[in-house]
Structures are given as C-alpha cells and as structure tokens.
Amino acid sequence: MASRLCLVLGDLFIPDRAIFKKLLSPGKIGQILCLGNLTSPSVYNFLRQLAPDLQLVKGDFDIPLTTSTPAAEAGAAASAGFPIPTALSKVVTHGSLRIGFTHGDSIIPPGDPDALLIAARQMDVDVLCWGGTCKFEAYEMEGKFFINPGSATGAVSWIDEGLGDDEEEEGNVPSFVLMDVQGDVLVLYVYQLKRDKEGNENVGVEKVSFRKGTPGT
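Residues numbered from 1 in each chain as written. Predicted model: local features only at pLDDT ≥ 70, side-chain atom pairs only at ≥ 80, totals over all residues. Heavy atoms only, no water.

When you look at the sheet that holds strand 3 (residues 53–56) in this model, what are you seeing that I'm missing?
Sheet strands pair by backbone hydrogen bonding; their relative direction is either parallel or antiparallel. Across the sheet, 6 strands lie side by side as 3-2-1-9-10-11; this open sheet has mixed pairing. Two strands in the sheet have a free side with no partner beyond their single neighbour: strand 3 and strand 11 (201–211). Direction aside, the axes of adjacent strands within the sheet are offset by 20° on average. Here 4 bridges tie strand 2 (residues 29–34) to strand 3, and the two strands are oriented parallel to one another. Along strand 3, the bridge assignment pairs Cys34 with Leu56. (Pairing = 2+ DSSP bridges. Helix = DSSP H or I, 4+ residues; strand = E, 2+ residues; numbered from the N terminus. Axes fitted to C-alpha atoms, helices over the stretch in contact; angles between N-to-C directions.)

Right, here's the structure in full:
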C-alpha cells in the first residue's frame, strides 16, 4: 500500500505566527491530525485547503468566546468561525499502525511518560501523539512510540516552568512533524524553526524512525 504523509501539529494559538505555511502545499499531505488549541478560523481554513482529511480533537482553549445564555450557546459554532471539536481523543490507522492522538490536558501529570503509557494502552494504540506542552518530544517506551509535535507557532504553555519570566517573550521553538507510514514502519520528519547566534532563522529537519514490534529501550 502506498504511503501518505500525515501532518501532526497543535497548540497554534497565534495565527499570525503560522510561519510554516510556505513549507506546506496542497496535494502532498493526505491527512492532518490537529491536537487542539486551533483557536483561529483562518488557520482552520488553511488546513482544510491543505488536506482533504482534517481530524481535530479538543484542546483546553477550544471554547467559543461567548456568554452562556441559551441564545449564545445555540450560535456558538457559528460565532467561532469553525467547528469546535468535542472529542478528547481519536484513533486513526496507517499501515499496520494504530495511531492515537489527544491534546494532553487530561494527562496527569502533564506529559508524564507513565501516564502517557497508560493512555496508550487504554486506547490500544501503537503510537500516541499528544500536545499541551508546546515542546517537541519523540521517544519509544515499552514498544510504543510517543510524539509531541510542539507548537507550530512557538506558543508558550501555561504549564511551562518559565511562564512569567523574561524569557517568556522568546516563546518555544516552533515545530511540527510529518509522519510517513509504510506497513509497520513510521518515519517521523521533525521541522523546527531555529535561530543562530546572529538571530537568523532557519528551518531544521530531523528524521526519527519507529518499527512496530521492535523492543523499546
């Protein structure tokens, strides 16, 4: 079966800092997994044009900014400008891999490896993508692969230990990932916007591979 690229991103928050748009073009990506906190109709429309299959889960900030009157609740979806997801997690299948994804605000403690492993087992998935921390991570544990694509706009998470410090203005390193699945092998391409000592920005790409059934470290 021919592989198709799957874009995984989340925690966008700031639509005018969607700096990776030039790298993403329609026709190359078959599916998008958005891990929550889309928050912007403009980014939603861009993603809809990018791939025909856009899968969303709810983040902790995916709420309509309206009052709680019955009339307001009835028009919540329209006022948001895009369909606010209600699912907290979903599972898709690529090749022989079951891939689960969730925002991660229900993972306690946030980003904890043991808690993520429990969630992956409960969802019966080989790969678990989660968000919420706005920082890229990818690792294998007990035969399962865990991916946090970070924030595509370099947003800062409320759980970030540096929140409120002077360094907050710098934000996190903007990042997203592309998954290429062929059979039981997943190749992960990690895109990160890095800045050198002179302040010049460059997009770096790294590759990580995972094979189902290979014993974890």
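From this point, the narrative continues.
How should I be thinking about helix 4 (residues 113–123) in this particular structure?
Three- or four-residue spacings in an α-helix give side chains the same orientation, since the helix completes a turn every 3.6 residues. Among the residues of helix 4, Ala115, Leu116, Leu117, Ala119, Ala120 and Met123 are the ones counted as buried. Tucked inside the fold, the buried residues of helix 4 contact strand 4 (89–94), strand 5 (97–102), strand 6 (127–130), strand 7 (136–141) and strand 8 (144–149). Asp124 occupies a position one or two residues after helix 4 and carries a positive phi of about 55°. (Buried < 20%, exposed > 50% of the residue type's maximum accessible area, 1.4 Å probe, protein only. Contact = heavy atoms within 4.5 Å.)

Is there a simple way to think about a nonpolar patch on the surface in this case?
Together, Leu23, Val203 and Val205 line one region of the surface with nonpolar side chains, adding up to about 240 Å² of accessible area. Among the secondary structure elements, Leu23 is positioned in the loop between strand 1 (5–9) and strand 2. The class of Leu23 is partly exposed, set by a relative accessible area of 45%. (Patch = residues over 30% accessible without salt bridge, like charges linked within 9 Å, V, L, I, M, F, W, Y side chains within 5 Å. Areas by Shrake-Rupley, 256 points an atom, 1.4 Å probe, with all protein chains shown as cover. Salt bridge = Lys/Arg side-chain N within 4 Å of Asp/Glu carboxyl O.)

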